[in-house]
Structure formats: structure tokens, C-alpha cells
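What follows is each chain in one-letter form.
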Amino acid sequence: MFKYECPHCHQRTVTPFQKMITGGMGSKGTKCKNCGRRVVNGKITTAIKSIVYLIAFAYTALILITEMNQGVQHQNYGFIIGMWIIAIVGTKFIDGFIPDLERCIRNDVGNK
């Protein structure tokens, strides 16, 4: 099975599923099975998530502002909810398959 390299011990111990649920730079991250230190998703995945969420937010605002003038149509609410679900799930898959693990920078999680 394909695994990602831990930035601490440089062993391939983090699976794509673990990387999907690891979280961003400010999260607690996932423990490496070899050295026990925590790793998080890197800056590339954080930037991609920010861009995707910004596009989803802008499109949501555009739909709601244009609908205020014409009256609300309920099919657009379903579209907005679906778009956000796709954005959230899609970025989790992006997290799982872009190989940029970094060391956890939080001091409160006990990095040992």
C-alpha cells in the first residue's frame, strides 16, 4: 500500500486515509506509527482548500444576492448545499493525495 513519508523520521508510515483526516497546519495532526511524533498537512493543501472555499463562498454570495431581487427559488438552496458538500469532500480527497506532510507546529499537543 502507498504511504507518505513522515517529516520527522523519514519513514513511509502515513496512509492516504490518515492524511485525509489529519487536518491543516493548526490542527493536532496524526501520529507517526514509527516515531510517535505528530504530522499535519502542509501549506500546499491549505492554500488549495482556501481557494476552493473562497470560490464556493463567492458563488454562494452571488446566487443569494441575485435571488434577493428576483425572489428566492428553492432549487438554488439545494444547489448551494450540494456545492459546499462537494467542496468539503473534494478537499479531503485533495488532502489525501497531495504529498506535503509537515511537522506539527502546535506546542499544546505533546509532540513526543
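Our structure's up above, just so we're on the same page.
Residues numbered from 1 in each chain as written. Predicted model: local features only at pLDDT ≥ 70, side-chain atom pairs only at ≥ 80, totals over all residues. Heavy atoms only, no water.

Asker: I keep staring at the overall build of the protein chain and nothing clicks. Help me out?
Answerer: Counting its regular elements, the protein chain contains three helices and five strands. Here the protein chain has a C-alpha radius of gyration of 18 Å; the compact-globule value for 112 residues is 13 Å, and the former is much larger. Overall, the C-alpha framework of the protein chain stretches about 60 × 30 × 20 Å when taken along its three principal axes. Long-range contacts, defined here as pairs at least 24 residues apart, represent 59% of the contacts in the protein chain between residues at least 6 apart. Carbon and sulfur atoms provide 66% of the accessible area of the protein chain, an area that totals close to 7100 Å². Side-chain charges of the protein chain comprise 14 positive and 6 negative groups, with the mean position of each set lying 11 Å from the other. (Helix = DSSP H or I, 4+ residues; strand = E, 2+ residues; numbered from the N terminus. Rg over C-alpha atoms; globule rule 2.2 N^0.38 Å. Contact = heavy atoms within 4.5 Å. Areas by Shrake-Rupley, 256 points an atom, 1.4 Å probe, with all protein chains shown as cover. Lys, Arg positive; Asp, Glu negative; His and termini not counted. Charge placed at Lys NZ, Arg CZ, Asp CG, Glu CD.)

Asker: What exactly am I supposed to notice about the pattern of salt bridges here?
Answerer: Side-chain pairs of opposite charge can arise whenever the charged atoms involved come near each other. In this structure the tally under the stated criterion is one salt bridge. Note that aspartate 95 and lysine 49 form a salt bridge whose closest N and O atoms lie 3.3 Å from each other. On the criterion of sequence distance, the pair formed by aspartate 95 in helix H3 (residues 74–97) and lysine 49 in helix H2 (residues 43–70) is long-range, its members being 46 residues apart. Lysine 49 matches aspartate 95 in its accessibility class, with the two residues each being buried. (Salt bridge = Lys/Arg side-chain N within 4 Å of Asp/Glu carboxyl O. Buried < 20%, exposed > 50% of the residue type's maximum accessible area, 1.4 Å probe, protein only.)

Asker: How should I be thinking about the nonpolar core in this particular structure?
Answerer: If you look at soluble globular proteins, the nonpolar side chains tend to sit buried side by side. With six residues, the main nonpolar core is built from Tyr4, Cys6, Val14, Cys32, Val39 and Leu101. If sequence neighbours within four positions are ignored, cysteine 6 has contacts with Gln11, Thr13, Cys32, Cys35 and Val39. (Core = buried A, V, L, I, M, F, W, Y, C linked by side-chain atoms within 4.5 Å.)

Asker: Please explain the environment of isoleucine 65 as it appears in this structure.
Answerer: Looking at the secondary structure, you find isoleucine 65 in helix H2. When the C-alpha atoms of isoleucine 65 and arginine 38 are compared, they prove to be 43 Å apart, with 27 residues separating the residues in sequence.

Asker: I tried to follow the environment of methionine 25 on my own but got confused; where do I start?
Answerer: Residue placement: methionine 25 occurs in the loop between helix H1 (16–20) and strand S3 (30–31). Taking the C-alpha atoms as reference, methionine 25 lies 6.4 Å from glycine 42; in sequence the two are 17 residues apart. Excluding its chain neighbours within four sequence positions, the residues that come into contact with methionine 25 are Val40, Asn41, Gly42, Lys43, Thr46, Glu102 and Ile105.

Asker: Mind showing me how you'd approach a nonpolar patch on the surface here?
Answerer: A cluster of nonpolar side chains, namely Ile81, Ile85, Ile88, Val89, Phe93 and Phe97, defines an oily patch on the protein surface of about 600 Å² accessible area. Relative to the helices and strands, phenylalanine 97 is located in helix H3. Using a relative accessible area of 53% as the deciding quantity, one classes phenylalanine 97 as exposed. (Patch = residues over 30% accessible without salt bridge, like charges linked within 9 Å, V, L, I, M, F, W, Y side chains within 5 Å.)

Asker: Before we go on, may I ask you to explain the sheet that holds strand S5 (residues 101–103) in this structure?
Answerer: Strand pairs in the sheet, formed through backbone hydrogen bonds, run parallel or antiparallel to each other. Spatially, S3-S4-S5 is the arrangement adopted by the three strands of the open sheet, whose pairing is antiparallel. The open sheet is flanked by S3 and S5, the only strands paired with a single partner. Direction of pairing for S3 relative to strand S4 (residues 38–41): antiparallel, over a ladder of two bridges. Across the sheet, the residue bridging to threonine 30 is valine 39, located in S4. (Pairing = 2+ DSSP bridges.)

So, to be careful, I would describe these as geometric facts and stop short of saying anything about function.
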